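Breakdown of the fold
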Amino acid sequence: MEEHPANPIIAPIQTPAPDNSGKKSSRPVVLISLIILIIILIVGYKFVKKPGNYQATNNPVPVNQKTVTVTTVPPATPSGTVVVKIDSSDQQLDKDLQGIQGNLNQLNSDQNNSNQAIQNQSQDTQQ
Amino acid sequence: MNIITTKKQLLIMLGTGIVLLSLPLSVFAQTVPPVQAGKSAQRLGTVNTNCQKATAQRLTSLTEVQTRIPTLKRLSSSQQQQFSGEVSTNISGIQGVQTQCTNDFNAGNLTGLVADYKSVFANYRIYAEMLPQLHLLIASDTMGYTANNLTTLYGKLQTRVQSAGNPSNLTALLSDMNAKITDAQTQYNSVESQAVGLTPSSYNTNPSGTTQIFQTARSEIKTGAGDLQTAFSDAKQIVQSIKSSKTISPVPSQ
């Protein structure tokens, strides 16, 4: 077995120590990016929630957008009070009509009875 | 002696002959009456059944009409008393005939029972005269107070139509209403004037004339009732129009 002499030229290759300086420098960038992203999301969310900011368009919906259905609520009907004047003389007219309707019903019954009585005359005339 | 014996023999033979001859007659007399009695009993039963039925029908009809007379509004109290009295008299008379029929039936008095039965028709004329007369008078009375109520309503409506400025459609309805009420009054007055004076004897003396009066009165009742229906329809239209003209448009609340 041949042994290599100790030669500074041919020195064993040493693995460089890990450089942590680069890691330290990228952390703020990531944090800032995250903060910006969060801000964008919050602002975007608020922007989406705000009603009335959508406009109808015939353009195709971009890939990074979504279709939102907006239901238009019709304006509320103004509430009001219908004023109907109840006149006591009108009520009396209704009562009069009801009474006469009863009279006419009785007349119809009496008319039928008189017709029947005249038809029954034959019960005596046949004798 | 022989002669005497012969006479005795003749007398005996004669007596025997009489007895023998009378025997079949007595037998016949005992045989035929059950047939006659059977026919008579059957006839008695039939006449009695008819009599009971006829009297019961008339009593029911008279009792029904008697309850209406006090409710009539246009007949005066004296007229009401007159007709109620006539109905009561007829009810009592028919009840008497009913009892007499029962008595004659129980006594086997066919002749009397037939006479009783005929008296239900000839003496009372409940169906021939009294009930048609009373029912026509009842109908004309109802027509009368219905016309009176419509006349009162007409006055109220006339005032309201005038207040509304006499619109032509309402004045036309008022005019028609008034005309129909007036014609109905003519009809029921005619019915009353013709029917009120009739009696059972009116029918006995002039049956066809009495029947004609009833036919005419029936036609008048029909015409008058139609008039009142039209007048009522006019009134309803007028009231509806008056009420609809008062509707106020909705006022939105603030």
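Residues numbered from 1 in each chain as written. Chains lettered and ligands numbered in written order. Predicted model: local features only at pLDDT ≥ 70, side-chain atom pairs only at ≥ 80, totals over all residues.

Along its length, chain B carries seven helices and one strand. Listing each helix as α and each strand as β along chain B from the N terminus yields α-α-α-α-α-α-α-β. Out of the 254 residues belonging to chain B, those deemed buried represent 32%. Across chain B, contacts joining residues at least 24 apart in sequence account for 79% of those joining residues at least 6 apart. (Helix = DSSP H or I, 4+ residues; strand = E, 2+ residues; numbered from the N terminus. Buried ≥ 20, exposed ≤ 12 C-beta atoms within 10 Å, placed from the backbone. Contact = placed C-beta atoms within 7 Å.)

In a regular helix each residue adds 1.5 Å, so 32 residues correspond to 46 Å; helix 2 (residues 88-119) of chain A covers 47 Å between its end C-alpha atoms and thus fits that length. Turning to helix 2 of chain A, its buried residues number three or more, namely Leu93, Ile100, Asn103, Leu104, Leu107, Asp110, Gln111, Asn113, Ser114 and Ala117 of chain A. Buried residues along helix 2 of chain A sit in contact with helix 4 (126-163) and helix 7 (207-244) of chain B. (Expected span 1.5 Å × (residues − 1).)

Here the focus is the packing of helix 4 of chain B against helix 5 (residues 168-195) of chain B. All names here are of chain B. Orientation of helix 4 relative to helix 5, taken along the N-to-C sense of each, is 155 degrees, at an axis distance of 9 Å. Comparing their axes, helix 5 and helix 4 come out roughly antiparallel. Considering the relative orientation of helix 4 and helix 5, their crossing is left-handed. For the contact of helix 4 with helix 5, the residue count by class is 16 nonpolar, eight polar and one charged. (Axes fitted to C-alpha atoms, helices over the stretch in contact; angles between N-to-C directions. Parallel < 35°, antiparallel > 145°, perpendicular 65-115°, else oblique. Left-handed = near helix turned anticlockwise from the far one by under 90°. Nonpolar A, V, L, I, M, F, W, Y, C, P; charged D, E, K, R; others polar.)

On to the environment of glutamine 98 of chain B. Residues and elements named next belong to chain B. Structurally, glutamine 98 can be placed in helix 2 (residues 77-107). On the basis of neighbour counts, which here come to 19 C-beta atoms within 10 Å, the residue glutamine 98 falls in the partly exposed class. What glutamine 98 contacts, discounting residues up to four positions off in sequence, is Gln52 and Thr55.

Looking at chain A as a whole, the pLDDT averages 72, with 49% of positions reaching at least 70. Across chain A, element-level confidence peaks in helix 2 of chain A with a mean pLDDT of 94 and bottoms out in strand 1 (residues 80-81) of chain A with 58. (pLDDT = per-residue confidence, 0-100.)

With that settled, the discussion passes to the environment of glutamate 220 of chain B. All names here are of chain B. With respect to the helices, strands and loops of the structure, glutamate 220 is situated in helix 7. On the basis of neighbour count, glutamate 220 is assigned to the buried category, with 24 C-beta atoms found within 10 Å. Sequence separation between glutamate 220 and asparagine 189 is 31 residues; the distance between their C-alpha atoms is 9.6 Å. Among residues more than four places away in sequence, those in contact with glutamate 220 are Gln187, Ser190 and Val191.

Most often, soluble globular proteins keep nonpolar side chains buried together rather than apart. Core analysis: the largest hydrophobic core is formed by 57 residues, its most contacted members being Leu136, Met143, Leu150, Leu228 and Ala235 of chain B. The set of elements that each furnish at least two residues to this core consists of helix 2 of chain A together with helix 1 (2-68), helix 2, helix 3 (110-122), helix 4, helix 5 and helix 7 of chain B. Of all the elements, helix 4 of chain B adds the most residues to this core, at 15 residues. Summarising the domain contributions, this core has at least three residues from each of domain 1 (40-124) and domain 2 (125-244) of chain B. The residues touching leucine 136 of chain B, leaving out its near neighbours within four places in the chain, are Ser114 of chain A together with Val191, Ala195, Phe214, Ala217 and Ile221 of chain B. (Core = buried A, V, L, I, M, F, W, Y, C linked by C-beta atoms within 7 Å. Domains from an automatic or database assignment.)

To continue, consider helix 3 of chain B. Residue and element names in this part refer to chain B. Counted at 1.5 Å a residue, the expected span for helix 3 with its 13 residues is 18 Å, and the 18 Å between its end C-alpha atoms agrees. For helix 3, the complete set of buried residues consists of Leu113, Asp116, Tyr117 and Val120. Buried positions in helix 3, seen along its axis, are confined to an arc of 95 degrees and lie on one side of it. (Arc of directions from axis to C-beta.)

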